[in-house]
Amino acid sequence: MESIHVDGVWRAAAAGGTREILDPADASTLAVVAEGDTSDTDAAIAAARRAFDEGPWPHTPTAERAALLRKVADLLQRDREEIALIESKDTGKTLEEGRVDVDDVTNAFRYFADLVMNESGGRVVDAGDADVHSVIVHEPVGVCAMITPWNYPLLQASWKVAPALAAGNTFVIKPSEVTPLSTVHMIKLVIEAGAPAGVANIVTGAGDPVGARFGTHPDVDLVSFTGGLVSGTKVGQAAVANAKKVALELGGKNPNVVFADACATEERFDHAVDQALNAAFIHSGQVCSAGARLIIEESVKDRFIEELTRRAQKIRLGRGTEKDVECGPLVSAPQLAKTEAYVASALEEGATLRCGGKRPEPSDVRPASGYFYEPTVLDDCHRDMRVIREETFGPILTVETFTTEDEAVALANDTEYGLAGAVFSTDTARARRVAARLRHGTIWINDFHPYLPQAEWGGFGKSGVGRELGPAGLEEYRETKHVYENLRPAAVRWFAG
């Protein structure tokens, strides 16, 4: 597959390198893509630089840029089933999850098209003089370099590409080398929608050398990275050292705090249990915002865990394209090994295994060669365990307990990360009070995982810097300029001589 797109042309890697993309359900080869290197990256950045400095896109009227984004949205819906199937096979998620992703991506493109169209021409600053006009205006940043993760490749790409295009930037995107296929398809749709040559470029390949080059290349103005802490730290250090704008969305170790009153009725109890399952096990737990830490009030813990365990054991594992499958495989053999290691370490440190903890038996929908792992519940956990402190990114739910509100807050905030979290309580005042005390970028109350395109997504601590989605997501891809216009200039000499 010619998966590198530079200056309007699809091509193979300059050095001829290729990479096999595997289906995690059975380890078979899905596709063979180009494996780019530094020369491909430099060529893509050069094309984006020319397109920004010499091309029409940064100066294209806002209405035309918005129209292109809406055209991309329409094309996404046209290809909805094809893209959903690609996403399901490439990442292992269910086909229905793939469809939801396409719809969310469509909404993101339409949202940023509407947002940029509804903006004013600038913010006037009162200079205190009728003859002086002072205004703050927004301009595109320039060449944007984007690195996206393997778990939600299409969705995360849209959160970067849509606002960058809306603001008038050019870009180079590097999808994860593990799951690049849907991003390649999306770039094809951006080109089909009418993006000029050099505006949208993609290089498939490894983080080093492709992604590593973004932070050091002098012609890149902004680096946007979503992924793990270790890689993100390296990208951020390189970008800052070269005085580039940088946005980092890194990992999470997200608490799901459940108070006893949230379980006071059967209906509320069922809802809280269902959301705890959703928080931990959607996409096999391979979600940066996964509610992997269940922090539950002691008085309802036993009943809650008993029912949660019963339902977790009924989750249907299998190939994501199969009917009635609820959870697919992990994305790769290394991710499966990582999950196994976390469970083993937790048991060694004193955790109690309530369910899961192993690979499932093969079946007609679950090939033995696939990277499947049973939804796992670990009880009797404490804050010193690796499984509590580190991002597992697998189908692992840990259980901690509290007796007071202050204790619940302390446990929830006892993490280096600060991406997301949730509070379940029927006491509105307490729910809002606890939400306000949690040091996490997104807090849900009596729910887990919903997001809105118009709402900002960010984090604290080692979950990163910057914002995506909402008006702030657009601002990440802009610069502000202060235009000071004196309508009655006078000749002034600063120095005599």
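It should be noted that the structure appears before, not after, this text.
Note that this is a predicted model, so its numbers are computed, not measured.

Among the five residues that make up strand β18 (residues 420-424), five are buried, leaving the element largely enclosed by the rest of the structure. Neither face of β18 is open: one carries Ala420, Ala422 and Phe424, the other Gly421 and Val423, and all of them are buried. Alignment of strand β12 (residues 255-258) against β18, held across three bridges, turns out to be parallel. The residue bridging valine 257 from the neighbouring strand is valine 423, located in β18. Taking the sense of rotation as the criterion, the β-α-β connection linking β18, helix α14 (residues 428-437) and strand β19 (residues 442-445) turns out right-handed.

What follows is about the nonpolar core. Nonpolar side chains tend to gather and get buried jointly when the protein is soluble and globular. Counting residues in each nonpolar core, the largest one holds 53 residues, and the members touching the most others are Leu69, Phe109, Phe112, Leu165 and Phe171. Counting residues per element, the ones that place at least two in this core are α2 (62-78), α3 (80-91), α4 (95-117), β7 (143-147), α5 (153-167), β8 (170-174), α6 (181-192) and β9 (200-202). Residues in contact with leucine 69, not counting those within four places in the same chain, are Phe109, Phe112, Ala113, Ala162, Leu165 and Ala166. Counting residues in each nonpolar core, the second largest holds 31 residues, with Val300, Leu308, Cys355 and Leu397 among its members.

When you line up the elements, alanine 241 lands in helix α8 (residues 229-241). Note on alanine 241: relative accessible area 64%, which makes it exposed. The sequence separation of alanine 241 and alanine 113 amounts to 128 residues, and the corresponding C-alpha distance is 33 Å.

Turning next to α14. Among the residues making up α14, those that are buried are Arg430, Ala431, Val434 and Ala435. Down the axis, α14 shows its buried residues gathered within 130 degrees of arc, on one side only. Counted as exposed and oriented over 90 degrees from the buried face of α14: Arg432 and Ala436. Among the structural elements, α13 (405-413), β18 and β19 are those in contact with the buried residues of α14.

So, how was this worked out
Residues numbered from 1 in each chain as written. Predicted model: local features only at pLDDT ≥ 70, side-chain atom pairs only at ≥ 80, totals over all residues. Heavy atoms only, no water. Buried < 20%, exposed > 50% of the residue type's maximum accessible area, 1.4 Å probe, protein only. Helix = DSSP H or I, 4+ residues; strand = E, 2+ residues; numbered from the N terminus. Pairing = 2+ DSSP bridges. Right-handed = clockwise from strand over helix to strand, strands pointing away. Core = buried A, V, L, I, M, F, W, Y, C linked by side-chain atoms within 4.5 Å. Contact = heavy atoms within 4.5 Å. Arc of directions from axis to C-beta.

Read these as geometric descriptors, not functional statements.
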